[in-house]
Amino acid sequence: MKELTQVLRMSPSEIPHRIYGVENWGAGYFGVSEQGCLTVHPTRNPLMGVEFVALLQTLAQRKVRAPYLLRFPQILDTQIKEFHEAFRNSIAEYNYGARHRGVFPMKVNQKRSVVERLLEAGHRYEYGLEVGTKAELAAALTLKMHPGALLVCNGVKDRRYLEWVMISSKIGKNPVIVMEEMSDLKKILEVSNAVQMSPTLGVRVRILSRGTGKWEESGGETSKFGLNTIQLLDCLKLASDSHLAQQLKMLHFHIGSQITDIRRIKTAIKEAARVYAKVQKMGYPVAYLNVGGGLGVDYDGSRTASDCSVNYSMQEFANDIVYTINEICQSENVPPPTIVTESGRAVVAQHAVFVTNVIRTLSPGLGGTEIPGSRVDSEVVREMMDLHKDINPKNFREYYHDALQHREELQSLFNLGYLNLQNRAHGEWLFWEICRKAIKFSKSMKQRPEEFADLENILASKFICNFSVFQSTPDTWALDQLFPILPVTRLNEEPTEHATLCDITCDSDGQIDKFVDLRDVKQALELHSVNSEPYYLAIPLVGGYQESLGMKHNLLGSANEAHFLIDDAGRPHLDKVVRGESLAQVLISAGYPTQTLLEGFGQVLTGAQTQTKITAEEKEALSQSFEATLNSYTYLED
Ligand SMILES: *Cc1c(COP(=O)(O)O)cnc(C)c1O
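A.B. asks: Any details on the overall build of the protein chain? Residues and values, ideally.
C.D. replies: In terms of regular secondary structure, the protein chain is built from 22 helices and 23 strands. Relative to its 638 residues, the protein chain shows a buried fraction of 53%. Once local pairs closer than 6 in sequence are excluded, the contacts in the protein chain between residues at least 24 apart make up 75%. One finds the centroid of the 67 positive side-chain charges in the protein chain at a distance of 5 Å from the centroid of its 77 negative side-chain charges.

A.B. asks: Describe the pairing of strand β9 (residues 200-204), naming the residues involved and giving the relevant values.
C.D. replies: Burial of β9 is extensive: four of the five residues sit out of reach of the surface. Inspection of the sheet shows strand β8 (residues 174-179) paired to β9 by four bridges, in the parallel sense. By the bridge assignment for β9, M179 is matched with V203. Of the crossover connections in this fold, the one passing from β8 over helix α8 (residues 182-195) to the parallel β9 is right-handed.

A.B. asks: I'd like a description of unusual backbone geometry, backed by residues and values.
C.D. replies: Omega for the peptide link from A66 to P67 comes to 0°, which places this bond in the cis form. Along the chain, P67 falls in the loop between α3 (52-61) and β4 (68-71). The phi torsion at A27 lies on the positive side, around 50°, for a residue other than glycine. Structurally, A27 is set in the loop between α2 (22-25) and β1 (30-32). A27 gets classed as partly exposed once you look at its relative accessible area, which sits at 35%. The phi dihedral of K63 falls on the positive side, at around 60°, and the residue is not glycine. Judged by its relative accessible area of 63%, K63 falls in the exposed class.

A.B. asks: Report on the sheet that holds strand β3 (residues 50-51), specifying residues and quantitative values.
C.D. replies: The three strands are arranged β1-β2-β3 in an open sheet whose pairing can be described as antiparallel. Edge positions in the open sheet fall to β1 and β3, since each of these has one partner strand only. As defined by bridge partners, β1 adjoins strand β2 (residues 38-40) across three bridges and the pair is classed as antiparallel. Note on β2: the bridge partner recorded for G31 is T39.

A.B. asks: How would you explain the site of the ligand if you had to name every residue and give the values?
C.D. replies: Taken together, 17 residues sit near the ligand, with K107, S257, E342, G344 and Y545 positioned nearest. At 2.7 Å, a backbone N or O of G344 approaches an oxygen atom of the ligand. At a separation of 2.6 Å, an oxygen atom of the ligand approaches a polar side-chain atom of Y545. If the ligand stood free it would expose 390 Å²; the protein chains cover 93% of that surface. Of the residues in the shell around the ligand, the class split is three nonpolar, nine polar and five charged.

A.B. asks: Requested: an account of the sheet that holds strand β6 (residues 128-131), with residues and values cited.
C.D. replies: One closed barrel accounts for eight strands, arranged β5-β6-β7-β8-β9-β10-β11-β12; its pairing is parallel. For this sheet, the mean angle separating the axes of adjacent strands, direction not counted, is 25°. Of the pairings in the sheet, the one linking strand β10 (residues 248-252) to strand β11 (residues 288-290) comprises three bridges and is parallel in character. Residue pairing in the sheet places M250 in a bridge with Y288 of β11. On top of the sheet, helix α4 (residues 73-93) reaches β5 (100-105) and β12 (338-341); it is set at about 155° to β5, its chief contact. Strands β8 and β9 of the sheet are contacted by α8, whose axis makes an angle of about 140° with β8.

A.B. asks: Now, about the nonpolar core: what can you tell me, with residues and values included?
C.D. replies: One finds F30, F52, L70, L129, L251 and I325 to be the most contacted residues of the largest nonpolar core, which totals 150 residues. Here this core gets 10 residues from one element, more than from any other, and that element is helix α10 (residues 262-281). Residues in contact with I325, not counting those within four places in the same chain, are Y96, I269, A273, L289, V291, P337 and I339. Of all hydrophobic cores here, the second largest spans 24 residues; its members include V376, M384, W432 and A438.

A.B. asks: Which residues make up the state of the cysteines, and what are the values?
C.D. replies: Applying the stated criterion across every chain yields a total of zero disulfides. C465 supplies the cysteine sulfur nearest to C308, a cysteine that is in no disulfide, at a spacing of 19 Å. Owing to a relative accessible area of 4%, C308 belongs among the buried residues under this scheme. Among the cysteines around C435, which has no disulfide bond, C502 carries the closest sulfur, lying 19 Å off. Judged by its relative accessible area of 0%, C435 is buried.

A.B. asks: So what's going on with the domain arrangement of the protein chain? Which residues, and what values?
C.D. replies: What the domain assignment reports for the protein chain is domain 1 (75-350), domain 2 (373-456) and domain 3 (583-630). Here domain 1 and domain 2 have C-alpha centroids that lie 61 Å from each other.

A.B. asks: Give a description of a negative patch on the surface that names residues and reports values.
C.D. replies: Together, E383, D386, E408 and E409 line one region of the surface with negative charge. Listing elements by their share of the negative patch, those giving two or more residues are α13 (379-390) and α14 (396-415). Considering the arrangement of structural elements, one finds E383 in helix α13. Judged by relative accessible area, which is 32%, E383 ranks as partly exposed.

How each quantity is defined
Residues numbered from 1 in each chain as written. Predicted model: local features only at pLDDT ≥ 70, side-chain atom pairs only at ≥ 80, totals over all residues. Heavy atoms only, no water. Helix = DSSP H or I, 4+ residues; strand = E, 2+ residues; numbered from the N terminus. Buried < 20%, exposed > 50% of the residue type's maximum accessible area, 1.4 Å probe, protein only. Contact = heavy atoms within 4.5 Å. Lys, Arg positive; Asp, Glu negative; His and termini not counted. Charge placed at Lys NZ, Arg CZ, Asp CG, Glu CD. Pairing = 2+ DSSP bridges. Right-handed = clockwise from strand over helix to strand, strands pointing away. Near = heavy atom within 4 Å. Polar contact = N/O pair within 3.5 Å; in protein donor to acceptor, adjacent residues only side chain to side chain. Areas by Shrake-Rupley, 256 points an atom, 1.4 Å probe, with all protein chains shown as cover. Nonpolar A, V, L, I, M, F, W, Y, C, P; charged D, E, K, R; others polar. Axes fitted to C-alpha atoms, helices over the stretch in contact; angles between N-to-C directions. Core = buried A, V, L, I, M, F, W, Y, C linked by side-chain atoms within 4.5 Å. Disulfide = S-S within 2.5 Å. Domains from an automatic or database assignment. Patch = residues over 30% accessible without salt bridge, like charges linked within 9 Å, V, L, I, M, F, W, Y side chains within 5 Å. Salt bridge = Lys/Arg side-chain N within 4 Å of Asp/Glu carboxyl O.

Here's what the structure looks like:
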């Protein structure tokens, strides 16, 4: 392997920052080397970075193919530390009289390697888990946690779920059953009597303050979760009547994910803290105030309250929570609660980077290549040739409008049978070339007319990339979420292409056509023209939700996964490779067990042999080749 530059100096060029905003969303984890390569700095030390190309070389040598999901476990360590230290700082600063306890919400990323690493890194902070289903609970029961760590059990529950939560306290966990509806209490009572255990209880309370952005629906008055004030009072009374009042230890709120505006957080916390104080004063022994998740990630790096950004830091988030709860508890004269947080996205988003390779590019017209000369016997085409020849910075608007009209004429002439295919092709080619020239001229205008910006987007190339949006960045499809996307090399080189990305599913939704931009949302991404060298694109910040929501659309499975660590000398180590799903594995989920496939194919071969379409040798060879194919990668291999 090529000797790696140990000290990577940051790129002096402004291109990577101006165009791709690396320093804005990179958060110290991502940078650009002097050679124009994307770098990762898992400990946030600017001197301890590695170029992605070096990592990709290592994988190529190991015959691990793109696309990849690259994991940097040390980023998880760094995030866990910073998150908890942020709360420790606030608690010290405001002289807060109780502790902070974090739990990781498993739905954000259930991958065992991720959750285990988080629990390990969070051991000294007694970091725990939050689960929302039986399956997440079952996984949590097997994981090593600090004996003092909390196991917060949310979600809609049946008896089996409740039973296992209660049993978990017998085997060393600290579960809290968070009730989401009144009927939970009745069930809890029954199960508790049956297993002879008194569980610690919490109540999820619906608050009126909502989140902001794409995920705001999970909070607020009409949220599907939690009890409103009337139900809360009923529930408290029922708890008292059933002698469960003393078990009621936690109040829980969650106003939604990716809260973009810090003011929303403050307002919600104020409301939550008041509810806590009032319930305390009613004599219930609540000791934990669980503020849920919501801490956002600055995906576009703009530090604003726009959908894919946040206008606050982790420290400000902690400060506002601790300060607000403290103030309210003092004014209400109640003891301050232990603050429980369930932040997921902000803890894991940075640790995973998806990398795909560009397979080919398409552009409207012929992408600039000259078409072979054909005899022009159409007046319209001849006029377009003149437009193409004479268009200049002074007349381009007018000429472009003429070209639009000519193009319509071409279309009618063709439909009426007056134009041959050669002339039609020639006309189309001229049209797109005129558009390209017009765009170029329009760029020098002080006030560029909107239509040329739109035209530029229409003319954007399509970069076909070896991946599935549905599997690897599902939120770009489902929620129009934006992730930063950039090439891993050539970052010092001025890009010449405007492109949207298409995946290899046969679904027209399988594309990305919105990109992060400091001020706006870009409809096309600036990229380089692809030569004979492989061209890789990185999609950072995909460590939260994308894996858990990813789906096998078109039977494209999980990507090859590689875990990289960086040692004290700043050298990368490939810690682990997890092969992406094979054809056989994805087919199982659609009801084709491998054995059934092999037998079915065997019968087809026998049939073909009986009809003497293939020989016995061919049959054997095909059978082996089929099996090997079932074991291969679902993505393009060449
Ligand atoms: C999804 C969820 C979280 C995690 O939210 P993030 O915004 O990812 O931190 C926390 N708590 C509950 C109850 C959730 O449903």
